[in-house]
Amino acid sequence: MATATPGPRARRTRVRMTAAERREQLIAVARELFSAKGFEGTSVEEIAAQAGVSKPVVYEHFGGKEGAYAVVVDRETRALHDAIRGALTTPNARSRELLERGAMALLDYIDTCPDGFRILSRDSSATGPTGSFASILSDIAVQVEDILGVQFKRLGHDPKFAGLYAQALVGLVAQTGQQWLERREPSKEVVARHLINLAWNGMANLNPDPYLLIERIDEREKRRPKG
């Protein structure tokens, strides 16, 4: 009597992950669930089931749901900080260009990391008061203030107002970004043009056809002969 040949499912071997790989998988799964359901709506059981592991594995890596959430929030906060810091350290940039690059960095983060932004803006205070969205924005503004302070001195502006500009820039873009996230209309570039129009020109001097200096700079770079 012929022996039955095992089917594809029977021949499939389970790939074992290293501890580091498993941790990254759990973080990715937790991030997706926290974004979709929020902190309160997500359980350790769901994280484990989605990752295909037992509950003790989640506890082993994070100590519980709170630990996983803290890691996700910390990563998203650092990503947002780094994006804005990178934008605001552009060499030889003028004040308006810095504002534009800072605004676009925040909008880019919202656009490319919507799950992370939803977590930060919705209920990131679940792990403690220092994790609240307002606190996160304030922390970002402090970092922006340090950078703008240096730029203001270089450009001859009074650095004591750097904090005011930093708070205004971060708050203006973040609040608008929350509304823009769900519809994604108009494009983030158009959103940035109008935000900078308001921030730079003020209500009394709004430009009816706003533009971004960085778009014109990028266009010139594309047209510049190579070689």
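Note that residues are indexed from 1 along each chain, following the sequence as it is written. Selection of residues for local features in this predicted model requires a pLDDT of at least 70, selection of side-chain atom pairs for listing and counting requires 80 or more, and totals for whole chains, interfaces and linings are taken over all residues. For side-chain calculations, the full set of non-hydrogen atoms in the structure is used, while hydrogens and water are omitted.

Within an unreviewed UniProt entry, the label attached to the chain reads Transcriptional regulator, TetR family, and the organism entered is Tessaracoccus oleiagri.

So, on to the pattern of salt bridges. Definition used for salt bridges: Asp or Glu carboxyl oxygen within 4 Å of a side-chain nitrogen of Lys or Arg. Inspection of every chain in the model, using the stated rule, returns 15 salt bridges. Between Glu 100 and Arg 96 there is a salt bridge; the shortest N-O distance is 2.9 Å. Taken together, the residues Glu 100 and Arg 96, both in helix 6 (residues 95-112) and four residues apart, mark about one turn of the helix. Each of the two residues, Glu 100 as well as Arg 96, counts as buried. Across the pair Glu 219 and Arg 223 runs a salt bridge, and its minimum N-O distance is 3.3 Å. Taken as a pair, Glu 219 and Arg 223 lie in helix 11 (residues 213-223) at a separation of four residues, close to a single helical turn. What you see here is one network of salt bridges that share partners, running through Asp 108, Asp 111, Arg 184 and Lys 188. Strands are runs of DSSP state E lasting at least two residues, helices are runs of H or I lasting at least four, and both sets are numbered from the N terminus onward. Between buried and exposed lies partly exposed: a residue is buried under 20% and exposed over 50% of the maximum accessible area for its type, with that area taken using a 1.4 Å probe on protein chains only.

Take the nonpolar core next. Core analysis: the largest hydrophobic core is formed by 61 residues, its most contacted members being Leu 26, Phe 34, Ile 47, Val 58, Ile 110 and Val 144. Any two residues having at least one pair of non-hydrogen atoms within 4.5 Å are treated as being in contact. Excluding anything up to four places from it in sequence, Phe 34 contacts Phe 39, Thr 42, Ile 47, Lys 65, Ala 68, Tyr 69, Val 72, Ile 119 and Arg 122. In these notes, a set of buried Ala, Val, Leu, Ile, Met, Phe, Trp, Tyr and Cys residues joined through side-chain atoms within 4.5 Å is what counts as a nonpolar core.

What follows is about the packing of aromatic side chains. Two aromatic rings, taken as a pair, are described by how far apart their centres are and by the angle between their planes. Each pair of aromatic rings taken from Phe, Tyr and Trp, with Trp reduced to its six-membered ring, is defined by centres within 6.5 Å and is described as stacked if the planes are under 30 degrees apart, edge-to-face if over 60, and tilted in the remaining cases. Evaluation of the coordinates by the stated rule reveals five aromatic pairs. Ring plane angle 65 degrees and centroid distance 4.9 Å describe the contact between Phe 39 and Tyr 69, whose orientation is recorded as edge-to-face. One end of the pair, Phe 39, is in helix 2 (residues 19-41); the other, Tyr 69, is in helix 5 (residues 65-87), with 30 residues separating them in the sequence. Of the two residues, Phe 39 and Tyr 69, neither departs from the other in class, the shared state being buried. With centroids separated by 6.5 Å and ring planes inclined at 75 degrees, the aromatic side chains of Tyr 109 and Phe 117 adopt a geometry described as edge-to-face. Of the residues examined, Phe 117 reaches a relative accessible area of 1% and is grouped as buried. Three or more aromatic residues joined by ring pairs make a cluster, and in this case those are Phe 34, Phe 39 and Tyr 69. Whether a charge sits over a ring comes down to the Lys NZ or Arg CZ being within 6 Å of the ring centre and within 35 degrees of the ring normal. The lysine or arginine in question, Lys 65, covers the ring of Phe 39, its NZ or CZ lying 4.3 Å from the ring centre.

A cis geometry characterises the amide bond from Glu 185 onward to Pro 186, with omega recorded as -10 degrees. Structurally, Pro 186 is set in the loop between helix 9 (162-181) and helix 10 (188-201). Positive phi is not limited to glycine here, since Asn 92 has a value of about 60 degrees. On the secondary structure map, Asn 92 appears in the loop between helix 5 and helix 6. For Asn 92, a relative accessible area of 71% translates into the label exposed.

All right, on to a nonpolar patch on the surface then. Patch members must show over 30% relative accessible area and no salt bridge, and they are joined within 9 Å when carrying like charges or within 5 Å when they are nonpolar side chains of Val, Leu, Ile, Met, Phe, Trp or Tyr. Each accessible area value is a Shrake-Rupley result obtained with a 1.4 Å probe; residue values ignore everything except the protein chains displayed when judging cover. Side chains of Phe 161, Leu 164 and Tyr 165 sit close together on the surface and give an oily, nonpolar patch of about 320 Å² of accessible area. Positionally, Phe 161 belongs in the loop between helix 8 (133-155) and helix 9. Classification of Phe 161 by relative accessible area gives partly exposed; the value is 38%.

All right, on to the UniProt feature "DNA-binding region" (unreviewed entry) in the chain then. UniProt positions are given in the numbering used here, feature names are shortened, and annotations may be inferred rather than shown by experiment. Taking the numbering used here, the UniProt-annotated feature "DNA-binding region" (unreviewed entry) corresponds to residues 43-62. Helix makes up 80% of residues 43-62 and strand 0%, and the two end C-alpha atoms of the span are 13 Å apart.

Right, let's talk about the layout of surface pockets for a bit. Gaps left between atoms are located by rolling a probe of water-molecule size over the structure's atoms. For the largest pocket, the calculated volume is near 250 Å³. In terms of lining residues, the largest pocket is bounded by Ser 95, Leu 99, Leu 148, Phe 152, His 157, Tyr 165, Ala 168, Leu 169, Leu 172, Ala 199 and Trp 200. Elements supplying a minimum of two residues to the lining of the largest pocket: helix 6, helix 8, helix 9 and helix 10. Among the elements that make up the lining of the largest pocket, the one with the highest residue count is helix 9 (four residues). Residues are grouped as follows: nonpolar covers Ala, Val, Leu, Ile, Met, Phe, Trp, Tyr, Cys and Pro; charged covers Asp, Glu, Lys and Arg; every other residue, Gly included, is treated as polar. For the lining of the largest pocket, the residue count by class is nine nonpolar, two polar and no charged. Definitions used throughout: a 1 Å grid over protein atoms alone; a cavity as a set of points that fits a 1.4 Å probe which cannot get out; a pocket as an open set with protein on both sides within 12 Å along at least five of seven lines; a lining residue as one with an atom within 4 Å of a point. Grid points are joined across faces, edges and corners, and a volume is the space filled by probe spheres set on the points.

A separate point is the environment of Asp 111. Among the structural elements, Asp 111 can be located in helix 6. Take Asp 111: its relative accessible area is 25%, and that puts it in the partly exposed class. In the structure, Asp 111 is positioned 77 residues away from Lys 188 in sequence and 8.0 Å away in space, judged by C-alpha atoms. Each polar contact in these results corresponds to two N or O atoms within 3.5 Å; when the atoms are within protein, one needs to be able to donate a hydrogen and the other to accept it, and residues that are neighboring in sequence are counted only if both atoms are side-chain atoms. Of note is the side chain of Asp 111, whose polar atom sits 2.7 Å from the side chain of Arg 184. At 3.0 Å, the side chain of Asp 111 and the side chain of Lys 188 are in polar contact.

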